[in-house]
Amino acid sequence: MQKRRVYLESIGCRLNAAESEILACHFVGAGYTVVHRPEDAELVVLNTCAVTAEAARKSRSRLRALQRRSPQAALAAVGCWVEFAAETAQSLPGVRWAIPNADKDRTVALVTGESVTPVPWSPGIWSHTRAFVGVQYGCDSACTYCITRVLRGPGRSQPLAETVAQVRDFVRHGAQEVVLTGVSLGAYGHDLGLKSGLAQLVEAILRDTDVPRLRLSSIEPWDVDAALLQQWAHPRLCRQLHLPLQAGSDAILRRMGRRVTTAEFAAVVDHARVIAPDIAITTDVMTGFPGETVADFEAGLDFVTRMEFTRLHVFPFSEREGTPAARLPGRVPKAVRAARAARMRALGARLADAYRARFVGRVLPVLWEQQDRLGRWHGLTDTYLEVLAETSENLHNRILPARLGSMMGVYLWAEVDPATDMGTSEGETTS
Ligand code: SF4
């Protein structure tokens, strides 16, 4: 009998990606095959997002598009957009299930009507070679523009021992890199009474598992303490710190309800660079927040330049119904928000080029993930540089030293030394 086939897609944050990996393990445990085209599936699942008006619009239109591409399939809409607009989601053509966040981990049981034992995660079971692990959910902060804390609820953490065991299991099944993720990852352990909870978790994972590379996703600046920063002295912790700035003006940070000033933010960045000089500092910036003057915006450009970020995610402010910011005076016209975003992105591209150029000629370990249609292998350094290589060797899910060469757009070309598999060894080689 032909196996049932499921197509899984995820919009939005890394936590959604981590949850979709776990959904895949449950569907395979329930006897499904995960397929990579909706046309080939009897069941299509979209893990939705509603962080911005654009993300909500995208979730809705993607469900319509998936229904048109796979009219034969039953659709399940899952997650944040369902939390925000359950009735609308349920009313869309082909949508059989509209499952909010609170029930997300029961999706497979709700869809199949069976209790399911998931199979272990393995590289590529759904979409990623790297293992995304959700360890923290919800948020207790109160940024005025944010709908996520409304959709995801209060902060909750997966117990430390359980997380260490999960990472050990992922490594046993082939993970070369584990990415810890959450809604407010830096708040990990607050609800468990742990002091510097994330630092404790990172320390335990690096001590009690053999994971070759551990990466942390977004951490709010007010959650980065000395204990956490010290973890970056460990060669198996990827040298990347994603630190959302949102605005480079203290006046706007106050209006956003962000618990940080530009001076405090800069102090965290400086401290991180003392411990790991080549660390990649990546960030999120919002332009056109209500009340943002030309002077505020220019101050933001100056601050971003001074911080020498290595990658910027830039979003024009978008009102989210139900948030305090949506009612703030001093609206900035949408065209101005977009124009400021374009200037900020251009600055971000220059800073990213400058960072990439620092690595030309150096040899770094690269985790190779997949080949593109042109046969080029795509890989990632621990400093979050995207690398390309051409070789007849199968590089999938291997950490290999690569001499980084010329830049091509957002990539660096690399020469790979397939003889030296570094799955277990550490750090940059100088040879
Ligand atoms: S820290 Fe702020 S932006 Fe992040 S999830 Fe919490 S409220 Fe939202």
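Residues numbered from 1 in each chain as written. Predicted model: local features only at pLDDT ≥ 70, side-chain atom pairs only at ≥ 80, totals over all residues. Heavy atoms only, no water.

**Considerations on the overall build of the protein**
This is how it is decided: Per the convention used, a helix needs a DSSP run of H or I reaching at least four residues, while a strand needs a run of E reaching at least two, with both numbered from the N terminus. Within these notes, the globule rule equals 2.2 Å times the number of residues to the 0.38 power, and the radius of gyration is based on C-alpha atoms. Categorising residues by exposure relies on relative accessible area from a 1.4 Å probe, with only protein chains included: less than 20% of the type maximum marks a residue as buried, more than 50% marks it as exposed, and the intermediate range marks it as partly exposed.
What the protein contains, in helices and strands, is 13 helices and 17 strands. Here the C-alpha radius of gyration of the protein, 22 Å, is about what a compact globule of 431 residues would show, namely 22 Å. By principal-axis analysis of the C-alpha atoms, the protein measures approximately 60 × 60 × 45 Å. Out of the 431 residues in the protein, the part that is buried amounts to 54%.

**A short note on the site of the ligand**
Quick note on the threshold: Residues are labelled near a given molecule or strand when at least one of their non-hydrogen atoms is within 4 Å of it. Under the convention adopted here, Pro, Cys and the residues Ala, Val, Leu, Ile, Met, Phe, Trp and Tyr are nonpolar, Asp, Glu, Lys and Arg are charged, and Gly plus all remaining residues are polar.
Taken together, C139, S141, C143, Y145, C146, R149, V183, E220 and W222 make up the full set of residues near the ligand. Here the shell around the ligand is composed, by residue class, of six nonpolar, one polar and two charged.

**Here we look at the nonpolar core**
Across soluble globular proteins, you tend to see nonpolar side chains buried next to one another. The condition is simple: The nonpolar core is taken to be a set of buried Ala, Val, Leu, Ile, Met, Phe, Trp, Tyr and Cys residues, with the residues joined through side-chain atoms within 4.5 Å. Domains are outlined according to an automatic or database domain assignment. Here a residue-residue contact requires only that any non-hydrogen atoms of the pair lie within 4.5 Å.
Core analysis: the biggest nonpolar cluster contains 86 residues, and V178, L180, L216 and W232 have the highest contact counts within it. Of the residues forming this core, the biggest block, seven residues, is contributed by helix 8 (residues 197–208). Shared between two domains, this core takes at least three residues from each, and those domains are domain 1 (4–112) and domain 2 (131–357). The contact partners of L216, leaving out residues within four places of it in the chain, are R14, L180, L185, L198, V202, L228, W232 and L237. Membership of the second largest hydrophobic core comes to 24 residues, among which are L46, A56, C80 and I147.

**Concerning the domain arrangement of the protein**
As a reminder, the rule being used: By convention, the term buried area covers the 1.4 Å-probe accessible surface removed from two parts as they join, with the contributions of both added. Any Lys or Arg side-chain nitrogen located within 4 Å of an Asp or Glu carboxyl oxygen qualifies as a salt bridge.
Parsing the protein into structural domains produces domain 1 (4–112), domain 2 (131–357) and domain 3 (363–416). Taking only C-alpha atoms into account, the centre of domain 2 sits 26 Å from that of domain 3. Taken together, the 18 residues of domain 2 in the interface contact 18 residues of domain 3. Carbon and sulfur atoms make up 54% of the area that domain 2 and domain 3 hide from each other, which totals about 1500 Å². Of all residues in domain 2, R213, R311 and R356 give up the largest surface area on contact with domain 3, accounting jointly for 44% of the area buried on that side. The tally of links from domain 2 across to domain 3 stands at two salt bridges. We note a salt bridge from R239 to D382, for which the minimum N-O separation is 2.7 Å. Residue assignment for the side of domain 2 that touches domain 3 shows that the elements contributing at least two residues are strand 9 (213–216), strand 11 (280–287) and helix 13 (334–357).

**Examining the sheet that holds strand 5 (residues 95–99)**
Keep this limit in mind: Should DSSP find at least two bridges between two strands, the strands are taken to pair. Between N-to-C directions, angles cover 0 to 180 degrees, with each direction set by a line fitted to C-alpha atoms, over the stretch in contact for helices.
On the basis of which strands lie adjacent, the open sheet formed by five strands has the order 2-1-3-4-5 and parallel pairing. Each edge of the open sheet is held by one strand with a lone partner, namely strand 2 (32–35) and strand 5. Strand after strand, the sheet turns through a mean of 25° between neighbouring axes, direction not considered. In this structure, strand 1 (residues 4–10) lies alongside strand 3 (residues 43–48), joined through five bridges in parallel fashion.

**Quick word on the state of the cysteines**
Condition: Note on terminology: pairs of cysteine sulfur atoms within 2.5 Å are recorded as disulfides.
Within the structure shown, the criterion is met by zero disulfides. Here C80 stays unpaired: no disulfide links it, and the sulfur of C49, its closest cysteine neighbor, is 6.3 Å away.

**With respect to the pattern of salt bridges**
As a working rule, side chains carrying opposite charge can pair if their charged atoms are close by. Summed over the entire model, instances satisfying the criterion amount to 27 salt bridges. Among the ionic pairs, E177 bridges to R130, the shortest N-O distance being 2.8 Å. Taken together, the residues E177 in strand 8 (residues 177–182) and R130 in the loop between helix 5 (107–112) and strand 6 (131–137) connect sequence positions 47 residues apart. Here E393 ties to R398 by a salt bridge, and the two come within 3.4 Å at their closest N and O atoms. Using a relative accessible area of 33% as the deciding quantity, one classes E393 as partly exposed. Take R398: its relative accessible area is 18%, and that puts it in the buried class. Several salt bridges share partner residues, and in doing so they unite R130, E177, R213, R215 and E369 into one network.

**Considerations on the pairing of strand 1**
We apply this condition: For crossovers, right-handed means that the path from the first strand over the helix to the second runs clockwise, given strands pointing away from the viewer.
Two elements, strand 1 and strand 2, share four bridges in a ladder whose sense is parallel. Counterpart to R4 in the pairing with strand 2 is Y32. As for the winding sense of the linkage, the β-α-β connection from strand 1 through helix 1 (residues 14–29) to strand 2 is right-handed.

**Some details on unusual backbone geometry**
Most peptide bonds are trans, and most residues other than glycine sit at a negative phi. Positive phi, normally seen in glycine, also occurs at S196, with a value near 50°. Take S196: it is sitting in the loop between strand 8 and helix 8. Here Q246, not a glycine, exhibits a phi torsion of approximately 75°, which is positive. The topology assignment puts Q246 in the loop between strand 10 (240–242) and helix 10 (250–256). On the accessibility criterion, Q246 (8% relative accessible area) is buried.

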